[in-house]
Amino acid sequence: MSATTDLTEHAPSTAAPAAADTARRRVGLGRLRELSLVPAILVLGLIGFIVSPAFLTTDNLIGVAQQSTELSLLVLATAFVLIAGRMDLSLESTIGVAPVIAVWLILPASGGRFTGLGLFPEWMAVPLCLLVGALIGAVNGFLILKLRLNGFIVTLGALTMLRGLQVALSEGQSIVELPSSFTYLGRASWLGVPAAIWVCALLFAIGGSALAWLRHGRALYAIGGNAEAARTAGIRVDRTVWVVLVLGGVLAAFAGILYSGHYGSISATQGSGWIFQVFAATVIGGVSLNGGKGSVFGALTGVLTLQLVVNVMTLAGVPPLWNQFLNGAIIIVALVISRFASGEKQE
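Predicted model only: the values in this text are computed from it and were never measured.

Observations concerning the overall build of the chain
In terms of regular secondary structure, the chain is built from 14 helices and 2 strands. Taking all 347 residues of the chain together, the buried fraction comes to 46%. Sequence separation of 24 or more characterises 76% of the internal contacts of the chain that already satisfy a separation of 6 or more. Total accessible area on the chain stands at roughly 17000 Å², and carbon and sulfur atoms take up 69% of it.

Take a look at the structure:
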């Protein structure tokens, strides 16, 4: 009896340190995984400087940052969705179709070669675009969470359908008659730096803080890790995931606004093929496709890695025909380095 009592008394004191050590190891691995691409970015910077002294100029670095803004917002949206254990392929189409629908509702029928409806004033262009993104996310959420359809198939179907709608409404042409409110953020500069960079930095800071400190942000990790356990713990899983899908749609639509403003037009193929870069940047940045793991900072390093690769290749005079091959090779190498640096096994 005394031996049993001793074992019972000592078990908690032995288990507690073990649990604490396990938690500390997980936190340490998570931090290491977030930083695993930083050495790669530094190496790319060194290579870029060796290839061309123009690499470290202010104009070049600001140019790389601005070219990363639209992609980074899609990566931010995808990071939230993946951490929650879901997948949204339709973000690629949302970046194009949301601006097209907004402009279609704004511009009058006689406003140039693009035929619109002219139902709303010009200042409504940005709110309408964001509303379209939210609506796309809400519909995806309804089909996935209420009708219990396969999320991959639903968002793949939405990607195809929305791409077709984008081409149909734009009549296969680029739309150049954009409202001034639509182009402001893509062209404006604040303190000598493009406004889009400031906006993206702010959104990433808010997103990272939400995941780290807010209860609903931390709930995403619980849902992505084990949805049933999260539901048992009192987390409203479906509602939280639905909000994340809507948020993803809004961020994709906002990326469309920045992209359209930056280039001064909306092309019929805007966003086409971006989903591969988005998932590549997100995954090499340490966000797990299985859910429950990753960070906003890691996702951002993934975007910067891919954009620096493109920039270095351009400065090195690599023929554009090789860009796709080299991008794919860098993605695979960076993914392997990220996995080994984090000390985790392949998933």
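Now that the structure is up, let's keep going.
Thoughts on the pattern of salt bridges
Opposite charge on two side chains makes pairing possible when the charged atoms of those side chains draw close. Applying the stated criterion across every chain, the model contains 4 salt bridges. Across the salt bridge formed by Asp238 and Arg148, the nearest N and O atoms sit 2.8 Å from each other. One end of the pair, Asp238, is in helix 11 (residues 237-263); the other, Arg148, is in the loop between helix 5 (125-146) and helix 6 (151-170), and 90 residues separate them in sequence. Judged by relative accessible area, which is 54%, Arg148 ranks as exposed. Note that Asp238 is salt-bridged to Arg231, the shortest N-O span being 3.5 Å.

Quick notes on unusual backbone geometry
When glycine is set aside, most residues are seen to have a negative phi, and most peptide bonds are trans. One non-glycine residue, Arg148, adopts positive backbone phi at about 60 degrees. For Glu171, which is not a glycine, the phi torsion comes out positive at approximately 60 degrees. Considering the arrangement of structural elements, one finds Glu171 in the loop between helix 6 and helix 7 (180-187). With a relative accessible area of 42%, Glu171 lands in the partly exposed category.

Quick look at the packing of aromatic side chains
Tallied over the full model, the rule gives 2 aromatic pairs. Their ring planes at 80 degrees and their centres at 5.3 Å tell us that Tyr259 and Trp274 sit as a pair that is edge-to-face. Highlighted residues: Tyr259 in helix 11 and Trp274 in helix 12 (residues 274-284), separated in sequence by 15 residues. Members of the aromatic cluster, connected to one another through ring pairs, are Tyr259, Tyr263 and Trp274.

Some thoughts on the packing of helix 8 (residues 195-213) against helix 9 (residues 215-225)
The N-to-C vectors of helix 8 and helix 9 enclose an angle of 75 degrees; their axes lie 5 Å apart at closest approach. Viewed along their axes, helix 8 and helix 9 adopt a mutual orientation that is roughly perpendicular. Between helix 8, through Ala210, Leu211, Ala212 and Trp213, and helix 9, the contact on the second element is made entirely by Arg215, Gly217, Arg218, Leu220 and Tyr221. Looking at the contact of helix 8 with helix 9 residue by residue, the class counts come to 6 nonpolar, 1 polar and 2 charged.

Quick look at the environment of Val100
Residue placement: Val100 occurs in helix 4 (residues 91-106). Taking the C-alpha atoms as reference points, Val100 and Gly116, separated by 16 residues in sequence, lie 9.9 Å from one another.

Observations concerning the nonpolar core
Note that soluble globular proteins tend to have their nonpolar side chains buried in a common cluster. Leu74, Val103 and Phe182 are the most contacted members of the largest nonpolar core, which totals 78 residues. Apart from residues no more than four positions distant in its own chain, Phe182 is found in contact with Pro99, Ala102, Val103, Ala125, Val126, Cys129, Ile257, Ser260, Gly261 and Ile266. Residues Leu44, Leu308, Val309 and Met313 belong to the second largest nonpolar core, which totals 8 residues.

Let's talk about the packing of helix 8 against helix 11
Packed helices, taken two at a time, are described by their axes: the angle between them and the distance between them. Contact geometry for helix 8 and helix 11: axes closest at 11 Å, N-to-C directions at 165 degrees. Classified by the angle between their axes, helix 8 and helix 11 sit roughly antiparallel to one another. Two packed elements cross with a definite hand, and for helix 8 against helix 11 that hand is left-handed. Contacts between helix 8 and helix 11 pair Ala196, Val199, Cys200 and Leu203 from the former with Leu251, Phe254 and Leu258 from the latter.

A short note on helix 8
Each turn of an α-helix holds 3.6 residues, which means side chains three or four residues apart point in the same direction. The end-to-end C-alpha distance of helix 8, which contains 19 residues, comes to 27 Å, matching closely the 27 Å that a straight helix rising 1.5 Å per residue would cover. Within the span of helix 8, buried status applies to Ala195, Ala196, Ile197, Val199, Cys200, Phe204, Gly207, Ala210 and Leu211.

Quick word on the confidence of the model for the chain
Scored by pLDDT, the chain has a mean of 85; 84% of the residues are at 70 or more. Looking at the elements of the chain, mean pLDDT is at its lowest for helix 1 (residues 2-35), recorded as 46, and at its highest for helix 5, recorded as 96. Taken as a whole, residues 1-29 scores under 50 in pLDDT and shows 4 contacts with residues more than four places along the chain or in a different chain.

Points about the side chain of Gln307
Of note, Gln307 is situated in helix 13 (residues 296-315). Overall, Gln307 belongs to the buried group, its relative accessible area being 10%.

The rules behind the values
- Residues numbered from 1 in each chain as written.
- Predicted model: local features only at pLDDT ≥ 70, side-chain atom pairs only at ≥ 80, totals over all residues.
- Heavy atoms only, no water.
- Helix = DSSP H or I, 4+ residues; strand = E, 2+ residues; numbered from the N terminus.
- Buried < 20%, exposed > 50% of the residue type's maximum accessible area, 1.4 Å probe, protein only.
- Contact = heavy atoms within 4.5 Å.
- Areas by Shrake-Rupley, 256 points an atom, 1.4 Å probe, with all protein chains shown as cover.
- Salt bridge = Lys/Arg side-chain N within 4 Å of Asp/Glu carboxyl O.
- Phe/Tyr/Trp six-rings, centres within 6.5 Å; stacked < 30°, edge-to-face > 60°.
- Axes fitted to C-alpha atoms, helices over the stretch in contact; angles between N-to-C directions.
- Parallel < 35°, antiparallel > 145°, perpendicular 65-115°, else oblique.
- Nonpolar A, V, L, I, M, F, W, Y, C, P; charged D, E, K, R; others polar.
- Core = buried A, V, L, I, M, F, W, Y, C linked by side-chain atoms within 4.5 Å.
- Left-handed = near helix turned anticlockwise from the far one by under 90°.
- Expected span 1.5 Å × (residues − 1).
- pLDDT = per-residue confidence, 0-100.

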